[in-house]
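# Remarks on the overall topology
This is what each chain is made of:
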Amino acid sequence: MAQTKFDKQVEENAESLVFGIGRVLAGRDLDGVKRTDATFWRSGTRVLPKVEGRVRRRSYKPGWQRLSFRLALGAGVWETGYLATQDLEATRRGVQELWDNRDQALAALEPGGIGAASVLTVGTAAYMVLTRERRELMREWVGPLHDALHQPLGLAEQTDPRRYLHIPKNFSDDDAEIRIDLPTRLGFSREVVADLITQKLALEGVTFSWHPEGRKPYVLVKKTRKPPAKALFKDPKMRELVTKAKESAPIIGIGAGGRIVSVDLDAESPHILVNASTGGGKSVTLRCIACQMLHHGSLVYVLDTKRISHPWASGLPGVTYCRDIADIHDALVALGMEGRRRVRVADELGIGADPDAIGPRLLILLEEVNATMKQLARYWEKIRESGDPKVSPAVDALNEILYMGRQVRMHVLLVAQSATARALGGPEVREQFATRILTRYSVNAWRMLAPEIHPAPKSTKHHGRAQVVSGGTARETQVLFFTETEARDWASTGSAATEKKHAPVPAQPSPVQLQPPADSLADAWSNSAPATTPTADPATASPYDGDFLADAWNLTPPAANPGGAASTTTATSPANTAPADNDDQAVGLREAHQHHLPDITIAALRYARANDQTFPASADKRGAELLYRVGDLKKWARNRPRAATGTTDLD
């Protein structure tokens, strides 16, 4: 007997029902399409060929997990229906009562709804914060690697990369291990796959361990050539390397395979930019470079608005430590003048001149440029007079030094948390830093400072680990660590080098003045070293004999003393005391407290004289009382590690 249309429809529906029940119990997709290689007991790792469209995450789960979820969901629905239909009259009355008193019900639910919304908001925010690194890992590393690998491995593009790419968040650390699951048929080129993994993850010095056996073939990627875990100056081998280092090429640290990483300030890069987030080791990096420069006789200017970034350098010979924004402004202006003077000297000396004739190597250590630039601009707005340029002359001087650099032996070591073009004064200024040291950097910071190197190496939280970018290459480096005591001792052992005689500048018929003017930095490297201990009568000593580093950038030269010792005695007598606002006046500590430094007690001044190495030297004597130049005392007060009341720092 022929089947009717109704019989065929019933048969088809019964068949669909049977297949549906079978798919539910087997844990397969209800539409019957097999999208992944998942089985009832094993999770899926790849999408099957010829599958189109997006493959949801549940398609990768093993069948028993999907069956368990479906049974639990069905049991919950059945239990709810059973309880609701067991007493239909009671259920109806409850619903009717809620409807009749809906205003009260809504009012009762309102606090709960607000609480639920608050919990949902806080939970969502916490989830976003806790998964930020994982999402960045997927976006920047795992996703791009999957795009490159799926074709060579013969995988479908829709395959979830998390199913076969097992990349930890700290995969750039020395002990990290990367595992990549491979297809069972192994129809791919190992060389191609290894090259893609190395390039897309920006790995160096890694080995590939292939495991093709079994049902789950995989490859392990580990670091073999890596920088040392620590690089300590107290290590005798490291100390020997630092001792043998070239004067113009301080050692930054040790790279992979024990290679020395350094930058030649004369041949490669006259200026260095250090970019790191808080706690990234900026001060350690600067300390490493600066103490080596001091050891070889360089002069170092520390411009530190934080005031306490480098306590190891305070009071060292050859170091000028400026903490107050007014002093930083004046120092940069004077450094710009010194740069122009050195350019004139280099021009007069011509090609092949002795570099020492231009002047000693000078390192400008500029801390926290983001904050310092803003404070310099605000300070200039405060003191600028009518007719003065709008741009701070200190900022202009810094830009001039960056463009001079190598030829005049002046080098800038600049620190920034965010080295944007706006913070540095323009993209052309940022390009003057051919060497850039990045630690604990973000992806955006790398793209901004080293766009020529792609992909960016994964940042690591390993203490002292940095990427030194120079010449289009990035070298992973363990920065050489000096303790503050070691840095101070190493800088001091080379202090004699700061007193070496520089070749005199030959006289020229040109009207350009080649000999160091009184108001320039040339005073700091004059052939006649300033005396720190008077050999004659202390009453005749010059007020400038004790602090040549401070006067190196003093724009107001000391007035000549035509009268000799007699005039000096007259100048310091009570009857001829200089006006109270004269910074060249010589006063005792009590008079300084009463008229010039009222916020600092006499006891504090006496304690500083005995214990603070940066306290100015005495300029004169009145009987048994030591006298000090007012300007020197004011400068010391501004630059104390603890900011004094009345400082010119701007809030």
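## Describing a positive patch on the surface
A cluster of basic residues, R54, R56, R57, R58, K61 and R134, forms a positive patch on the protein surface. Topologically, R56 is positioned in the loop between α1 (5-26) and α2 (63-86). Exposure remark for R56: the relative accessible area of 46% places this residue in the partly exposed category.

## Examining the pairing of strand β7 (residues 272-276)
Here β7 lies mainly inside the structure; 5 of its 5 residues are buried. Where burial is concerned, the two faces of β7 agree: the one with I272, V274 and A276 and the one with L273 and N275 are both buried. Here 4 bridges tie β7 to strand β11 (residues 410-416), and the two strands are oriented parallel to one another. In the strand pairing of β11, N275 is matched with A416.

## What to know about the sheet that holds strand β14 (residues 473-479)
If you trace the 10 strands from one edge of the open sheet to the other, you get β6-β5-β14-β13-β12-β7-β11-β10-β8-β9, paired in mixed fashion. Across the chains shown, the open sheet's two edge strands, defined by having one partner strand only, are β6 (260-262) and β9 (319-322). Averaged over all adjacent pairs, the angle separating strand axes in this sheet is 25 degrees, with direction ignored. Contacts between helix α12 (residues 393-404) and the sheet are confined to β10 (362-366) and β11, with β11 contributing the most and set at about 120 degrees to the helix.

## Overview of helix α5 (residues 132-149)
Residues separated by three or four positions in an α-helix point in the same direction, a consequence of the helix having 3.6 residues per turn. For α5, with 18 residues, the first-to-last C-alpha span of 25 Å sits near the 26 Å given by 1.5 Å per residue. Bending of α5 peaks at approximately 40 degrees at the position of M138. L137, E140, W141, V142, G143, L145, H146 and L149 are the residues of α5 that are buried. Next to the buried residues of α5 lie β1 (165-166), β2 (177-181), α6 (190-200) and α15 (443-449).

## Remarks on the sheet that holds strand β17 (residues 625-629)
Strands sit in the order β15-β17-β16 across an open sheet of 3 strands; the sheet is antiparallel. One side of each edge strand has no neighbouring strand; the edge strands of this open sheet are β15 (586-587) and β16 (620-622). Pairing geometry for β16 and β17, over 3 bridges, is antiparallel. Counterpart to D620 in the pairing with β17 is L627.

## Remarks on the confidence of the model for the protein chain
For any part of a model where pLDDT is low, the fine detail of the predicted coordinates should not be relied upon. Looking at the protein chain, the pLDDT average stands at 79 and 84% of residues meet or exceed 70. In this model residues 500-580 is a low-confidence stretch, pLDDT under 50, and it forms 122 contacts with partners more than four residues away in sequence or in other chains.

Scoring rules and cut-offs
Per chain, residues are indexed from 1 in the order of the written sequence. Totals for whole chains, interfaces and linings use every residue, but because this is a predicted model, local features are given only for residues with pLDDT of at least 70 and side-chain atom pairs only at 80 or more, for both listing and counting. Think of the side-chain values as coming from all heavy atoms in the structure, minus any hydrogens and water. Like charges within 9 Å and nonpolar side chains (Val, Leu, Ile, Met, Phe, Trp, Tyr) within 5 Å are joined into patches, using only residues over 30% in relative accessible area that form no salt bridge. Methods summary: accessible areas were calculated by the Shrake-Rupley approach with a probe of 1.4 Å, and residue burial reflects only the protein chains presented. Salt bridges are identified by distance alone: a Lys or Arg side-chain nitrogen within 4 Å of an Asp or Glu carboxyl oxygen. For the charge count, each Lys or Arg is scored as positive and each Asp or Glu as negative, with His and the chain ends excluded. Lysine's charge is taken at NZ, arginine's at CZ, aspartate's at CG and glutamate's at CD. To qualify as a helix, a DSSP run of H or I must reach at least 4 residues; to qualify as a strand, a run of E must reach at least 2; elements of each kind are numbered from the N terminus. Any residue under 20% of the maximum accessible area for its type is buried, any over 50% is exposed, and the rest in between are partly exposed; the area is computed with a 1.4 Å probe on protein chains only. DSSP calls a pair of strands paired once it identifies at least 2 bridges connecting them. Interaxial angles span 0 to 180 degrees and are taken between N-to-C directions of axes, which are lines fitted to C-alpha atoms, for helices over the stretch in contact. Contacts: residue pairs with any heavy atoms within 4.5 Å of one another. Expected helix span is given by 1.5 Å per residue-to-residue step, counting one fewer step than there are residues. The angle between axes fitted to the seven residues ending at a residue and the seven residues starting there is what we call the bend at that residue. Think of pLDDT as the predictor's per-residue confidence, scored from 0 to 100.

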